[in-house]
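Residues per chain are reported as follows:
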Amino acid sequence: MVSITPKPRILKALGQIEFDPWQCIAELIDNSLDEFLDIERNESGWTEPFDVSIQLPGSGPNGQADGVVRVLDNGRGMSLERVTDAVSAGFSGNDPLSKLGLFGLGFNVATARMGSVTRFLTTRAGDAEWVGVEIDLDAIKEGYEVPEIRVPKDSRSQHGTRVEVSRLENFSGWFARQGNQARLRDTLGGVYSYLLLDRGYRLLVNGIAVKPYRHCLWAADRSVTRDGEVIQARIEIDRDLGTRAYCRACGVWQEADGATCEECGSADLDVRPLRVWGWLGIQRYLDDREYGVDFLRNGRKILRFDKSIFQWRDPEDPSGQGEIEYPLEVPYSEGRIVGEIHLDHVPVVYTKDSFDTSDRGWRKAVEIIRGTGPLLPRRAAQRGYQRNDSPLGQLHRGYRRNDPGTNYLTPGNGKARVDNRDWDKRFRTGDPQYQDDSQWWNAVLEHEAAVKAEKERKQAATAAAAAAKVDPTIEFTSEAGPTPEEEAPAPIPPEPKERPETESEKVTRLASVGSPILELTGEFSATGVPGRPVPLTAYIVDEQFRSTDGRRIPVWIATGRGGAMTAFADVGHPHFRRFDDDPADLILLEVAQHMLVRATGSTATIGSVYAELKSHHLVSRAIDPNLLNAEATQLLRDIQERMVACVKDNPARPWRNALNEAERHITEDRITQNFKTADVESVVESGDYLPLVPPSVVPRIVEEWPEAFFDRRLFDGPYADVVSPSGRRQTVSTVTGYLDDAAWLASGPSHPSKEQLIRAGLSLRLVPDTLASK
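In this report, we go over the structure that sits alongside the text.

Cut-offs applied
Residues numbered from 1 in each chain as written. Predicted model: local features only at pLDDT ≥ 70, side-chain atom pairs only at ≥ 80, totals over all residues. Heavy atoms only, no water. Helix = DSSP H or I, 4+ residues; strand = E, 2+ residues; numbered from the N terminus. Contact = heavy atoms within 4.5 Å. Buried < 20%, exposed > 50% of the residue type's maximum accessible area, 1.4 Å probe, protein only. Pairing = 2+ DSSP bridges. Axes fitted to C-alpha atoms, helices over the stretch in contact; angles between N-to-C directions. Salt bridge = Lys/Arg side-chain N within 4 Å of Asp/Glu carboxyl O. Expected span 1.5 Å × (residues − 1). Polar contact = N/O pair within 3.5 Å; in protein donor to acceptor, adjacent residues only side chain to side chain. Core = buried A, V, L, I, M, F, W, Y, C linked by side-chain atoms within 4.5 Å. Phe/Tyr/Trp six-rings, centres within 6.5 Å; stacked < 30°, edge-to-face > 60°.

## What about the environment of V348?
Tracing the sequence through the fold places V348 in the loop between β20 (335–342) and α8 (360–370). Each C-alpha atom of the pair V348 and D359 lies 9.6 Å from the other, and the pair is 11 residues apart in sequence. Excluding its chain neighbours within four sequence positions, the residues that come into contact with V348 are R297, I302, S354, F355 and D356.

## Side note on the pairing of strand β3 (residues 69–73)
Consecutive side chains of a regular strand alternate in pointing toward one face of the sheet and then the other. Taken across its five residues, β3 has four buried, putting it largely inside the fold. Here four bridges tie strand β2 (residues 51–55) to β3, and the two strands are oriented antiparallel to one another. Across the sheet, the residue bridging to S53 is L72, located in β3. Pairing analysis gives five bridges linking β3 to strand β8 (residues 160–168), with the strands arranged antiparallel. The residue bridging R70 from the neighbouring strand is E164, located in β8.

## Points about unusual backbone geometry
A cis amide bond links Y326 to the next residue, P327, at an omega of -5 degrees. With respect to the helices and strands, the residue P327 is situated in the loop between β19 (323–324) and β20. The backbone of K676 shows a phi angle near 55 degrees, a positive value even though the residue is not glycine. Examined against the element boundaries, K676 turns out to sit in the loop between α20 (661–675) and α21 (680–686). According to the relative accessible area criterion, K676 is exposed, its value standing at 54%.

## Here we look at the sheet that holds strand β10 (residues 208–209)
Spatial ordering of the open sheet is given by β7-β5-β4-β8-β3-β2-β9-β10, a layout of eight strands whose pairing is mixed. The two strands at the open ends of the sheet, each matched to only one other strand, are β7 (148–152) and β10. The sheet contact formed by strand β5 (residues 129–136) and β7 spans five bridges and is antiparallel. Residue pairing across strands places W130 opposite V151, the latter belonging to β7. Sheet strands in contact with helix α3 (residues 80–87) are β4 (115–123), β5 and β7, and its direction is about 25 degrees off that of β5. Here helix α6 (residues 180–191) sits on the sheet in contact with β9 (202–205) and β10, set at roughly 165 degrees to β9.

## A look at the pattern of salt bridges
Summed over all chains, the structure comprises 55 salt bridges. Across the salt bridge formed by E367 and K364, the nearest N and O atoms sit 3.7 Å from each other. Of this pair, E367 and K364 both sit in helix α8, separated by three residues, roughly a single helical turn. Each of D314, E323, E325, R370, R379 and R383 takes part in a single network of salt bridges with overlapping partners.

## Some words on the pairing of strand β15 (residues 269–287)
For β15, the tally of buried residues reaches 14 of 19 residues, placing the bulk of the element in the interior. As judged from the 12 bridges shared by strand β13 (residues 234–247) and β15, these two strands associate in the antiparallel manner. Paired with D238 across the bridge in β15 is W277. Sheet topology places β15 next to β20; seven bridges connect them, and they run antiparallel. Looking across to β20, one finds that W277 is bridged to H342.

## Concerning helix α23 (residues 725–746)
Compared with the 32 Å implied by 1.5 Å per residue over 22 residues, the 31 Å span of α23 between its first and last C-alpha is a close match. Inspection of α23 places T731, V732, V735, T736, L739, D741, A742, A743, L745 and A746 among the buried residues, and these make up the whole buried set. Count one or two residues on from α23 and you reach G748, which has phi positive near 70 degrees.

## Points about the environment of T410
By the secondary structure assignment, T410 is in the loop between α10 (391–399) and α11 (421–428). The exposure class assigned to T410 is buried, which follows from its relative accessible area of 4%. Residues T410 and R284 lie 126 residues apart in sequence; the distance between their C-alpha atoms is 7.7 Å. Leave out the neighbours within four places in its chain, and T410 touches R336, N402, D403, P404, G405, R417 and V444. A distance of 3.1 Å separates a polar side-chain atom of T410 from the backbone oxygen of Y408.

## Re the nonpolar core
One finds F295, I341 and L343 to be the most contacted residues of the largest nonpolar core, which totals 46 residues. If we skip the residues at most four places from it in the chain, I341 touches I237, V276, W277, G278, W279, L280, V293, D294, F295, L296 and I369.

## Focus on the sheet that holds strand β14 (residues 253–254)
Spatially, the six strands line up as an open sheet ordered β14-β13-β15-β20-β16-β17, and their pairing is mixed. In this open sheet, the two strands that pair with only one neighbour each are β14 and β17 (300–306). The strands touched by α10 are β13, β15 and β20; relative to β15, the strand with the most contacts, the crossing angle is about 5 degrees.

## Topic: the environment of R313
Of note, R313 is situated in the loop between β18 (311–312) and β19. Once the C-alpha coordinates of R313 and G373 are considered, the two residues, 60 residues apart in sequence, prove to be 8.6 Å apart. A polar side-chain atom of R313 sits 2.9 Å from a polar atom in the side chain of Q311.

## Quick look at the side chain of E164
Looking at the secondary structure, you find E164 in strand β8. A polar contact of 3.0 Å, which involves the side chain of E164, links it to the side chain of R162. Once residues within four sequence positions are removed from consideration, E164 is found in contact with V68, V69, R70, V117, T118 and R119.

## A closer look at the packing of aromatic side chains
Per the stated rule, a full pass over the model turns up 25 aromatic pairs. Summarising the aromatic geometry, the rings of Y434 and W440 are spaced 6.1 Å apart at their centres and angled 85 degrees between planes, so their arrangement reads as edge-to-face. Each member of the pair, Y434 as well as W440, carries the same accessibility label: buried. For the pair W655 and Y689, a centre-to-centre distance of 5.3 Å together with 80 degrees between the ring planes defines the contact as edge-to-face. Of the two residues, W655 sits in helix α19 (residues 653–657) while Y689 sits in the loop between α21 and α22 (698–704), which places them 34 residues apart along the sequence. For the pair shown, W655 and Y689 are each scored as buried.

Spelled out as C-alpha cells, the structure:
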C-alpha cells in the first residue's frame, strides 16, 4: 500500500475549487509538458518528438467506448517514490516558477472533478512494467492509503506516464455532447499555441492533432507615420529586470542579496532572473472578441485576449475604476491590437486563469507594456502626463483608428472600410494565398487608388462643367427613357485582322486593371438554392460590354472551372449616371440569376436570393441608424479636435458667440469632469473646450467665424478671396448643411425615416471631401 495522506486544508480546497472540463484536462497536460521542458533543459541527447495524447469518451467516431478519460505522454517516466509524491494532495516539491503543473493539489482537483477513480501509471525505458497507484475516492479509508498497481509492458523500450480517470460523474454528459471535442481542441490550441508553434510539442485529442492558434498579423515591416514618427505594426519587447530571490518555503520574492527569507527566515532561497518579453502587434482584421494581449507563464497562456491592459487607472482616483482607452473609434466594440507577453516570474492563481495582479511583478509588467499615464494624448495632457511612448502607447497612437487606407493600415473599397474576416478564416485553414499580408495590403492600396480615381473624376467633371458654364451636379439627358446608346444595337464591327481575345484572356486583362469589390470576393450561397457555394470575384472597370444582340450591358460575368464566377461592372454605363444604384447591387442580381439557373428544383425567387446575398455580403452599405450615429459622432469628434488649432488667435470667441447658456453649462460640467479642475476660464482661454461642446454647436461655430476654418485651415473651400457675399454664403452653407446632418445623426434621433437617414448618410460621405489635409 502507498500512503497519500493529504492535509486538512487541501481536502477543503478540493471541494471548493471549480474547474471547467478543459481546465481539468489542461492540468494533466501541464504535468506532461513540464516533463518535456525539463528534458530540453537537461537531456542533450533526446531525439524523440514530444507528444501528449488525450483520449476522451464520447459518441463520436473517435470516442472511447469504455467511459475513461486518458492522458498519455512519452516522457522519461518516473520512479514509484516520485509517483507517490505526485499524487499526494499536500505535495509541494514541484518548482512553482519553472513548471506549468503543480502535481499534488492541481492533480487531485482535476481528477476528482472528472471522476472518482484515478489510475496513475508510469514507466521508464528498460523497466519491466508500468507502476503506479489507483485512487478510489469512494473506497479510500482512514490513513489515506491506496493500492499500488503494476501492469506489464508491451516492450521494455516504452517510456512515459499515463493518467486514467473513470467512474465519471460531473462531466460525463459534457464529454459525450456533440461538438465538445472540437471545442476542446480549439481551446487547447489557444492555451498552448506558443509551445505547439515555437517548441514543436504535439497534442492529440482522440487521435486528431490540436492546431495551434495563430495570430493573423500585419508584417513587422508594415508601418504608419505620425508627425514624422514611424510606428511599426509589430513591436518587440524584452526587458531584463535583474534578479530577485524566491523563497521555496513560503513563496515570497525579495532582494537577491539576503541569506535568509525576510518573511519566514528560511535559507532555501533561489535567485532567479526577472524578464518581461514578447511582442505587441496589429491584427489584419477587427473583431469584438479576438483582440487584446495574451499573457503567458512558462509557455502556457494564462490570460487570452486580455483587455484590462487598455484601461488606465488614475492613481489619484480613490474609486480605482479604470477608464477604457481602446477601442473608442468606430466600430466601438471591435479592436485589432494584440500581443503575447511572457511573465515566467509572476505568480498565478491555482485555477491558472489569472495572474496575481497584486504582485509587484505584475504591476511592473503592466508599466513596461503601457506606461504609467493615459494612452489618449488629450487625456494625458489634461492629467499632467507626458506623451505615452510605451509599446502600447505607440501602437495606440498609430493604429487606434480604423479609417481605410494606408494612413491606418486598413483595407477599404474606395468608400469605406471593408469587413475582411472571411480572409482570416482562409488564413486559419492554411490557404497559401492568405498566409502573408499581401491580400490585405493590396486591398489597402486599391482603396487609395479608388479614392484617387474618384477625386480625379470629380475634378474633371467640375472643370468640364466650369468650361461649359453649367452646374456640374446636374445631369442632362435627351429623354426620360433609355438613351439611344442603350437602345440601338451597336454597329457590326469589321472583321478583325488579328486573333480575337479569348474569354480567359479578357478576364485576366480586366482583372489586372480593375478595382476589386472586396465585399464580393468569396463564396456565395443562399437558402433554397441547392448546390455548392459559388466562388465569386468582382471588379469595377472602365470598359463597355455587349450582349449577344449588341446592347450595352452594365455587368458581364465569366464562368470558370467549378462554377467560379468573375464579375465586371462597367462604371461608365449610363445606368450608373442616371440612377442611384451601386455596381455591387447589379452584380449580386446577376449572381442570383446565375445561381437559380444552375440550381434544379429551387423554389427561391431572384428577389429572395438577391436580398439574402446583399444582407450577408453588403452589410457595410446598410442604412443602420446605430452605425450612422457612431460614424457621425466620430466625424464630429475629429473636426472638434482640429478646431482647437484654428481658433488660437481668439480661443474664447466661439464660447461667447456660438454657445447659448445651456450649452455653456453642459460644456462646463464636461470640463470639470475631464480636466479635473474648477478653473473653467483657463480651459476656455486655451480653446481645449471645443472637443467637449455638444455636436449641435459645431455648425454654428463654423457659421459664426468662417475665416478661422476655411481657406484650407480646416475646410478646403475658399473664403477670404471670394468677393461676392452670396458666394461666401454658399461656401459656408454647403459645409454647415453637411455638419447639421452629422450633428442630427450624432444626437441619436428617435424613429428617423429611411429618407432622412439616406440624406444624412450622404452628408457623412461628403464631409471628408470638404476637409483640408492634416
